[in-house]
Amino acid sequence: MADIAHMVHVALGERAYDILIGDRLLDEAGAILAERFPGRRFGIITDATVAEAQLPRLLRSLDAAGLGHTEIVLPAGESTKSWAYLGQAVEGILAARLERGDLVIALGGGVIGDLAGFAASIARRGMDFVQMPTSLLAQVDSSVGGKTGINSPHGKNLIGAFHQPKLVLADLSTLDTLAPRQFASGYAEVVKYGLIDDEDFFFWLEANQAEIFAGGPARGEAIARCCAHKARVVIEDEKELGVRALLNLGHTFGHALEKDTGYSDRLLHGEGVAIGMALAHGFSAKLGIAPSQDTGRIIAHLQKSGLPTALADISGNLGSTEVLMAAIAQDKKVTRGALTFILTRGIGKAFIEKNVDPQAVSAFLDEMRAVAQ
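Residues numbered from 1 in each chain as written. Predicted model: local features only at pLDDT ≥ 70, side-chain atom pairs only at ≥ 80, totals over all residues. Heavy atoms only, no water.

(A) Examining the pattern of salt bridges more closely. One pass over the structure, following the stated rule, counts 18 salt bridges. For the salt bridge of Asp114 with Lys81, the shortest nitrogen-to-oxygen distance reads 2.8 Å. Taken together, the positions of Asp114 in helix 5 (residues 110-122) and Lys81 in the loop between strand 4 (69-74) and helix 4 (83-95) put the pair 33 residues apart, joining distant regions of the chain. Among the ionic pairs, Glu206 bridges to Arg297, the shortest N-O distance being 2.7 Å. Taken together, the positions of Glu206 in helix 8 (residues 199-214) and Arg297 in helix 12 (residues 292-304) put the pair 91 residues apart, joining distant regions of the chain. (Salt bridge = Lys/Arg side-chain N within 4 Å of Asp/Glu carboxyl O. Helix = DSSP H or I, 4+ residues; strand = E, 2+ residues; numbered from the N terminus.)

(B) Spotlight on the pairing of strand 3 (residues 42-47). Counting buried residues along strand 3, six of its six residues qualify, which places the element largely inside the surrounding structure. Of the two faces of strand 3, the one carrying Phe42, Ile44 and Thr46 and the one carrying Gly43, Ile45 and Asp47 are both buried. The pairing of strand 3 with strand 5 (residues 103-108) spans four bridges and is parallel. Residue pairing for strand 5: Ile44 is matched across the bridge by Ile105. (Buried < 20%, exposed > 50% of the residue type's maximum accessible area, 1.4 Å probe, protein only. Pairing = 2+ DSSP bridges.)

(C) Broad picture of unusual backbone geometry. The backbone of Arg124 sits at a positive phi, close to 50°, despite the residue not being glycine. At Tyr263, a position not held by glycine, the phi torsion is positive, near 50°. Residue Tyr263 is classed as buried on the basis of its relative accessible area, which comes to 15%.

(D) Summary view of the pairing of strand 11 (residues 350-356). Sheet analysis places strand 10 (residues 339-344) next to strand 11, joined by five bridges and oriented antiparallel. Note on strand 11: the bridge partner recorded for Thr344 is Ala350. In this antiparallel pair of consecutive strands, strand 10 and strand 11, the connection spans five residues, and Gly346 shows a positive phi of 145°.

(E) A look at the sheet that holds strand 1 (residues 3-10). The seven strands lie next to each other as 1-2-9-6-5-3-4, forming an open sheet whose pairing is mixed. In this open sheet, the two edge strands, each paired with only one partner strand, are strand 1 and strand 4. Within the sheet, the average angular offset between the axes of one strand and its neighbour, ignoring direction, is 20°. Running over the sheet, helix 1 (residues 29-36) touches strand 2 (17-23), strand 3, strand 5, strand 6 (128-133) and strand 9 (167-171) and is turned about 165° from strand 9. Running at roughly 165° to strand 4, helix 4 makes contact with strand 3, strand 4 and strand 5 of the sheet. (Axes fitted to C-alpha atoms, helices over the stretch in contact; angles between N-to-C directions. Contact = heavy atoms within 4.5 Å.)

(F) Looking closely at the environment of Glu78. Of note, Glu78 is situated in the loop between strand 4 and helix 4. Measuring from C-alpha to C-alpha, the distance between Glu78 and Asp265 comes to 8.5 Å, with 187 residues separating the pair along the chain. Beyond its immediate sequence surroundings of up to four residues, Glu78 is in contact with Val111, Asn151, Lys156, Glu258 and Tyr263. Polar contacts involving the side chain of Glu78 include one to the side chain of Lys156, which spans 2.5 Å. (Polar contact = N/O pair within 3.5 Å; in protein donor to acceptor, adjacent residues only side chain to side chain.)

(G) Spatial organisation of the state of the cysteines. Following the criterion strictly, the structure yields zero disulfides and no others. Of the cysteine sulfurs around Cys226, a residue in no disulfide, the closest is that of Cys227, at 6.9 Å. The class for Cys226 is buried, based on a relative accessible area of 0%. (Disulfide = S-S within 2.5 Å.)

(H) Structural view of helix 7 (residues 180-197). Its 18 residues give helix 7 an end-to-end C-alpha distance of 27 Å, which sits within 8% of 26 Å, the value for a rise of 1.5 Å per residue. Burial analysis of helix 7 places 14 of its 18 residues in the buried class, which makes it a mostly covered element. (Expected span 1.5 Å × (residues − 1).)

(I) Representation of the packing of aromatic side chains in the model. Inspection of every chain in the model, using the stated rule, returns eight aromatic pairs. With 6.3 Å between their ring centres and 50° between their planes, Phe253 and Phe364 make a pair best called tilted. Placement of the pair is Phe253 in helix 10 (residues 251-260) and Phe364 in helix 14 (residues 358-372), with a sequence separation of 111 residues. Both residues of the pair, Phe253 and Phe364, count as buried. Both rings, one in Phe283 and one in Phe341, keep their centres 6.2 Å apart while their planes meet at 50°; by these two values the pair is tilted. Taken as a pair, Phe283 in helix 11 (residues 269-286) and Phe341 in strand 10 lie far apart in primary sequence, 58 residues in all. (Phe/Tyr/Trp six-rings, centres within 6.5 Å; stacked < 30°, edge-to-face > 60°.)

Now the structure itself:
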């Protein structure tokens, strides 16, 4: 039987689903899927890296359970979240003659989860899908909550749909194959949950960071606590009309930096979020609403975790402040042209601030760029 260490229920009425967290779940996925979705076929969307490391385990499990399947393997990397590869995924689903009642499996990190979920939302006018996140970032954040989509030249995640999965299987053993930089990138999203409204969790992370990185029991507990946090927010605000925007702490700055670096390995998503959270707290301190010592404490924890925290930590040249501000102006939280930021009054005290003065943001970025030079 599957070693399910934690289960989180996302109570969304007829769209409710479970998040199962445990070791070696990919090896038991076939039995779990056969029990929950009898008689279905499965279209697995993954990337080349995950296909080599994890796909064989899933296929053996599906075959053992007698479940029909097809595989669609895409390139790895943020640039895969594009129209071209979305089309390839959808055409693969149709070519395999998967029916509307069958399911798509998103096997991979955040890129595959977002793209596969979006493909499922539009193939045959909507198919169910299962998230099988294989990165820390995906297990604690992107696999939960139903946000799916792709990037645009105009900005990150600007094309997509809200489409909830039917099940999330988070196999802790897949994290053992991650490169240290990838694991650290995902950890930025873990820290985010403490900084939003749970300072006790942030303090717990400070005390348990070493065990989380080493793969001890604290790792599974941290993931479960993040998923439970996100589930509560999603239940309250599924379509991000209010409090769910708090989950974007650090993302406004971070997404602008990702766009400027071409969605490349120069800056991984979690690294952009780490810098973005440091900037968001620094900007809040600059405005006089957050204690500067909290910013220092946050930066110290992120740096201890191997994460960048400043513009100077990004390799190569960055675009001008005007270029970064143009990217910020395309942020999804912009309303009628007014900038909305997630700011903070300290650790665990984030809030949504509308009508942020663009000149104040621009001046702050100029100051941060001067420090970076």
